Amino acid sequence: MVGKRRPLIHLKSPDEIDAMERCGRIVAALFAEIEPQVRPGVSTGSLDRFVDDFVRSHDGAVPAFKGLYGFPGSACISINEEVVHGIPSSRRLRAGDVVSIDVGVKQRGWCADSAYTFPVGEIGAEAASLMEVTYQALAAAVAATRPDHHVGDIGAAVVETVRPSGYAIIRDLVGHGIGRAIHEEPQVSNIGRAGFGVPLQAGMVLAIEPMLAVGTDEIRTLSDRWTVTSLDGSLSAHFEHTVAVTETGPRILTGGGIWDGAAMVAGRPDPEGTGATVPQP
Ligand code: MG
Ligand code: MG
């Protein structure tokens, strides 16, 4: 009889989680630095060069996505209907775009992974609303990342948060465990059932990353073999934090400290789309 496959989950010691947080702070500082540069006219390629230079300016740190499975950039930069894995290029941002920047950093053998969606100039009401709901979905998912919960509670929190909006949760892309490798077990679905899935326990570290679209939950991959877009071309947003499960609850390693709601509330995007999404370094 073949049983259900059990994911091999590497638990991290408190010292190891501290090392991951040092890595995560580089990512958090990067987002604070890059936010003012996300403006109409800037190319995604120049943002990518900034990411590469910024990360490498920290002792021993390298951009973890560069060359990962053959990815050419240091950041995944995805505009509008692009959900994830956009390749940096000479394409220039335009006012009204929403752009998701997803960055992994590896330093001294440990990884951190985080993504933010930024408004470019003045954005429309739908785009601002989508960003806000996606961000709140991440906040709820992080709050559910506790040792008395299961992985399914994380996706259930996303579902509950998103439901009133009617936006689609991209189900074919998932969050993941993270540690010495950027992608570890378990998978963290954004569609979950409370009380189901792998039991969460102190020492697990998860990259939690809800991805939403205004229209359909279906996606397709472009002919560049990387860029994933919504199938119907509707706007998409994506936020991600690396989060450690501790005895006392979730600890955001890419946002700066123990989760008490304050860090993410302070970093929430302006629902009018006129302000910045700035993580707390
Ligand atoms: Mg990421
Ligand atoms: Mg990730």
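In short, a report on the structure. (Residues numbered from 1 in each chain as written. Chains lettered and ligands numbered in written order. Predicted model: local features only at pLDDT ≥ 70, side-chain atom pairs only at ≥ 80, totals over all residues. Heavy atoms only, no water.)

### Quick look at the pairing of strand E15 (residues 249-252)
Here is the key point about a regular strand: its side chains alternate between the two faces of the sheet.
So, point 1. By the bridge criterion, four bridges tie strand E14 (residues 241-246) to E15 in an arrangement that is antiparallel. Following the sheet pairing, Thr246 is matched in E15 by Gly249. (Pairing = 2+ DSSP bridges. Helix = DSSP H or I, 4+ residues; strand = E, 2+ residues; numbered from the N terminus.)

### Re the pattern of salt bridges
If charged atoms from side chains of opposite charge come close, those side chains can pair.
So, point 1. Overall, the coordinates contain ten salt bridges when judged by the stated rule.
So, point 2. In this structure, Glu184 engages Lys12 in a salt bridge whose closest nitrogen and oxygen atoms are separated by 2.8 Å. Of this pair, Glu184 sits in strand E8 (residues 184-188) while Lys12 sits in the segment before helix H1 (14-34), placing them 172 residues apart in sequence.
So, point 3. Classification of Lys12 by relative accessible area gives buried; the value is 8%.
So, point 4. A salt bridge links Asp217 to Arg171; the nearest nitrogen and oxygen atoms lie 3.1 Å apart. Of this pair, Asp217 sits in the loop between strand E10 (211-213) and strand E11 (219-221) while Arg171 sits in the loop between strand E6 (168-169) and strand E7 (175-177), placing them 46 residues apart in sequence.
So, point 5. With a relative accessible area of 23%, Asp217 lands in the partly exposed category.
So, point 6. Taking the relative accessible area as the measure of exposure, Arg171 reaches 47% and is therefore partly exposed.
So, point 7. Through salt bridges with shared partners, a single ionic network connects Asp18, Glu21, Arg25 and Arg251. (Salt bridge = Lys/Arg side-chain N within 4 Å of Asp/Glu carboxyl O. Buried < 20%, exposed > 50% of the residue type's maximum accessible area, 1.4 Å probe, protein only.)

### Considering the coordination of the magnesium ion (ligand 1)
Any two of four tetrahedral donors ideally make an angle of 109.5 degrees at the metal, while pairs among six octahedral donors ideally make 90 or 180 degrees.
So, point 1. The magnesium ion (ligand 1) binds to the protein through Asp102 (OD), Asp102 (OD), Asp113 (OD) and Glu240 (OE); the donor distances cover 2.0 to 2.7 Å.
So, point 2. Ordering the donors of the magnesium ion (ligand 1) by residue number gives the pattern D-x10-D-x126-E.
So, point 3. In this structure the magnesium ion (ligand 2) is found 3.1 Å away from the magnesium ion (ligand 1), and Asp113 serves as a bridging donor for the pair. Highlighted residues: Asp113 in strand E5 (residues 110-119) and Glu240 in the loop between strand E13 (236-238) and E14, separated in sequence by 127 residues. (Donors = N, O, S within 2.8 Å, 3.2 Å for Na, K, Ca; no water.)

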